[in-house]
Amino acid sequence: MERARPLLIFDSGVGGLSVLREIRMLLPSAPIVYAADSAGFPYGTKSPAEVAARVPALLGRLAERYDPALIVIACNTASTIALDAVRAALDLPIVGTVPAIKPAAALSKTRVIGVLGTAATIVQPYVDRLAAEFAADCTVIRHGSAELVELAEAKLRGEAPEPAAYARILDGLLSKGEGERIDTVVLACTHFPLVEEELATAAPRPLAFVDGNAGIARRTQWLTRDLAWPEAAQEGIAMFTGGIDTEPYRAPLADFGLTRIEKL
Ligand code: DGL
């Protein structure tokens, strides 16, 4: 049988692992290449122009190198800025990640929703459109945090955070405008589901945290429904574009089935 082409899952860092986790549940033996643009990390503090210039070109290189069956842009920042450009440039199915405002609006009782993302994501017109289309009767309060992205990376490397960090970040959202009425928080950055437990523990009251990862996995499964996957999972690849010591990531990546580390 012909060798199955992999799914390429892309993020600036390790946030896309929260998406990979869901994909693995539906497609346990699909070959995986997880690509982290560590040399470009973080995206959330970059200008839209920088992200727009970087992501399509990099994905073009990765598509050539790994010949994936499909690409998942497992990053809200890259998706809200560059999804259309990537789709135009590559002749492959591309699944994007956008803030889960629609399910959050379906869930919220107070009709006040928080959107926790990167500084770059929360100001995107894409988010305005999602809010207008799916949460027109809700107040949508946005908060950007680069620190939370760093905390998720640090957690994966096994580093303990400063104890008050999560409560302080949440307070940045909950203390804004009508923030005291927020009952549902969109985790609009793929790094954030990796620290959802810590956020829930630090929250001053019960909050529902919502992300779109299960939907991305279902979409990936649907778009690849005609492909034949291997009988058993093979060695997954984690590819880094450089700029970091990958050693602290080795063991946690292996927990996600990514046992081979490559550099660009
Ligand atoms: N994981 C990315 C996202 O979903 C962003 C992290 C970063 O700032 O690079 O937005």
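As shown above, the structure is provided for reference.
Residues numbered from 1 in each chain as written. Predicted model: local features only at pLDDT ≥ 70, side-chain atom pairs only at ≥ 80, totals over all residues. Heavy atoms only, no water.

Draft legend 1. Structural view of the pattern of salt bridges. All chains considered together, the criterion is met by 13 salt bridges. Between Arg-157 and Glu-159 there is a salt bridge, with the nearest N and O atoms lying 2.8 Å from each other. Arg-157 gets classed as partly exposed once you look at its relative accessible area, which sits at 27%. The exposure class of Glu-159 is partly exposed, given its relative accessible area of 41%. Residues Arg-250 and Glu-247 are paired through a salt bridge, measuring 3.1 Å at the closest nitrogen-oxygen approach. Ionic contacts of the salt-bridge type, sharing partners, join the residues Arg-65, Glu-235, Arg-260 and Glu-262 into one network. (Salt bridge = Lys/Arg side-chain N within 4 Å of Asp/Glu carboxyl O. Buried < 20%, exposed > 50% of the residue type's maximum accessible area, 1.4 Å probe, protein only.)

Draft legend 2. Molecular detail of the site of the ligand. Residues in close proximity to the ligand total 14 residues, the closest being Ser-12, Tyr-43, Asn-76, Thr-77 and His-191. Asp-11 has a polar side-chain atom sitting 3.0 Å from a nitrogen atom of the ligand. Burial of the ligand by the surrounding chains reaches 99%, relative to a free accessible area of 300 Å². Grouping the constituent residues of the shell around the ligand by class yields six nonpolar, seven polar and one charged. (Near = heavy atom within 4 Å. Polar contact = N/O pair within 3.5 Å; in protein donor to acceptor, adjacent residues only side chain to side chain. Areas by Shrake-Rupley, 256 points an atom, 1.4 Å probe, with all protein chains shown as cover. Nonpolar A, V, L, I, M, F, W, Y, C, P; charged D, E, K, R; others polar.)

Draft legend 3. Focus on the packing of aromatic side chains. Applying the stated rule across the entire model yields two aromatic pairs. Seen in terms of ring centroids, Phe-10 and Tyr-43 are 6.4 Å apart; in terms of plane orientation they differ by 45°. Their pairing is tilted. Residue Phe-10 is found in strand β1 (residues 7-11), and its partner Tyr-43 is found in the loop between β2 (32-36) and α2 (48-66); the two are separated by 33 residues along the sequence. For the pair formed by Phe-10 and Tyr-43, the shared burial category is buried. Arranged with centres 5.9 Å apart and planes meeting at 40°, the rings of Phe-240 and Tyr-249 form a pair that is tilted. The class for Tyr-249 is buried, based on a relative accessible area of 3%. Sitting above the plane of the Tyr-126 ring, Arg-129 keeps its charged end 5.3 Å from the centroid. Positioned above the aromatic ring of Trp-222 is the side chain of Arg-225, whose terminal nitrogen or guanidinium carbon lies 3.7 Å from the ring centre. (Phe/Tyr/Trp six-rings, centres within 6.5 Å; stacked < 30°, edge-to-face > 60°. Helix = DSSP H or I, 4+ residues; strand = E, 2+ residues; numbered from the N terminus. Lys NZ or Arg CZ within 6 Å of the ring centre and 35° of its normal.)

Draft legend 4. Inspection of helix α3 (residues 76-89) at higher detail. Taking 1.5 Å of rise per residue, the 14 residues of α3 would be expected to cover 20 Å, and the 19 Å separating its terminal C-alpha atoms lies within 8% of that figure. At Ala-82, α3 shows its maximal bend, which comes to roughly 70°. If you check which residues of α3 are buried, you get Asn-76, Thr-77, Ala-78, Ser-79, Thr-80, Ile-81, Ala-82, Leu-83 and Val-86. Summarising the contacts, the buried residues of α3 are in contact with α2, β3 (70-73), β4 (94-95), α5 (119-122) and α6 (125-134). (Expected span 1.5 Å × (residues − 1). Bend = angle between axes of the 7 residues up to and from the residue. Contact = heavy atoms within 4.5 Å.)

Draft legend 5. Quick peek at the sheet that holds strand β8 (residues 208-210). Judged by pairing direction, the sheet is parallel, and its four strands sit side by side in the order β6-β5-β7-β8 without closing on themselves. Of all strands in the sheet, those bounded by a partner on one side alone are β6 (139-144) and β8. Across the sheet, the axes of successive neighbouring strands diverge by a mean angle of 25°, strand direction being ignored. In this structure, strand β5 (residues 112-117) lies alongside strand β7 (residues 184-187), joined through four bridges in parallel fashion. Bridge assignment links Val-115 to a residue of β7, and that residue is Val-186. (Pairing = 2+ DSSP bridges. Axes fitted to C-alpha atoms, helices over the stretch in contact; angles between N-to-C directions.)

Purely geometric stuff here, so don't read any function into it on its own.
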